[in-house]
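Coordinate inspection notes
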Amino acid sequence: MAVLQHPTTGITFLITVRNEQKPNIMIVGKTSCYEPSR
C-alpha cells in the first residue's frame with residue numbers, strides 16, 4: 001500500500017496491490033475540496 005498526495009491540489013491517492021481480487025491494483029482518490037458524490 002502506498003499513499004501519495006499532490007502538493008498543490010491536495011488530492012490524496014491510496015494505491016493498493018491485491019493478491020486475490022481482480023483488478024490487482026486499486027487506486028482511490030480523495031480530496032476535501034469537493035463534496036463526495038453519492
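Our subject is the structure that appears above.
Every chain begins its residue count from 1, and numbering advances along the sequence as written. Only residues with pLDDT of at least 70 are given local features in this predicted model, and only at 80 or more are side-chain atom pairs given and counted; all residues enter the totals for whole chains, interfaces and linings. Each side-chain value is derived from all of the structure's non-hydrogen atoms; neither hydrogens nor water enter the calculation.

1. Considering the environment of isoleucine 27
Quick note on the threshold: Numbering of helices and strands starts at the N terminus; helices are DSSP runs of H or I of at least 4 residues and strands are runs of E of at least 2. For the exposure calls, accessible area comes from a 1.4 Å probe over protein chains only, and a residue counts as buried if that area is under 20% of its type's maximum, exposed if over 50%, partly exposed in between. Note on contacts: a residue pair qualifies if any of its non-hydrogen atoms lie within 4.5 Å across the two residues.
On the secondary structure map, isoleucine 27 appears in strand S3 (residues 25–30). Among the residues examined, isoleucine 27 registers a relative accessible area of 56% and is labelled exposed. Counting along the chain gives 24 residues from isoleucine 27 to valine 3, while the straight-line C-alpha distance between them is 9.8 Å. The residues contacting isoleucine 27, other than those within four sequence positions of it, are Phe13, Leu14 and Ile15.

2. With respect to the pairing of strand S1 (residues 2–5)
For the record, the criterion: Two strands make a pair as long as DSSP finds a minimum of two bridges between them.
Summarising the sheet, S1 and strand S2 (residues 12–17) pair through 4 bridges and their orientation is antiparallel. In the strand pairing of S2, alanine 2 is matched with isoleucine 15. Between S1 and S2, which pair antiparallel one after the other, the connecting turn spans 6 residues, and glycine 10 there sits at a positive phi close to 80°.

3. Concerning the sheet that holds S1
Rule in force here: Angles shown run from 0 to 180 degrees and are taken between the N-to-C directions of axes, each axis being a line fitted to C-alpha atoms and, for helices, limited to the stretch in contact.
Read across the sheet, 3 strands follow the order S1-S2-S3 without closing on themselves; strand pairing throughout is antiparallel. One side of each edge strand has no neighbouring strand; the edge strands of this open sheet are S1 and S3. Sheet twist, expressed as the mean angle between neighbouring strand axes with direction ignored, is 20°. Where S2 meets S3, 6 bridges bridge the pair, whose relative direction is antiparallel. Across the sheet, residue threonine 16 finds its bridge partner in S3, namely methionine 26.

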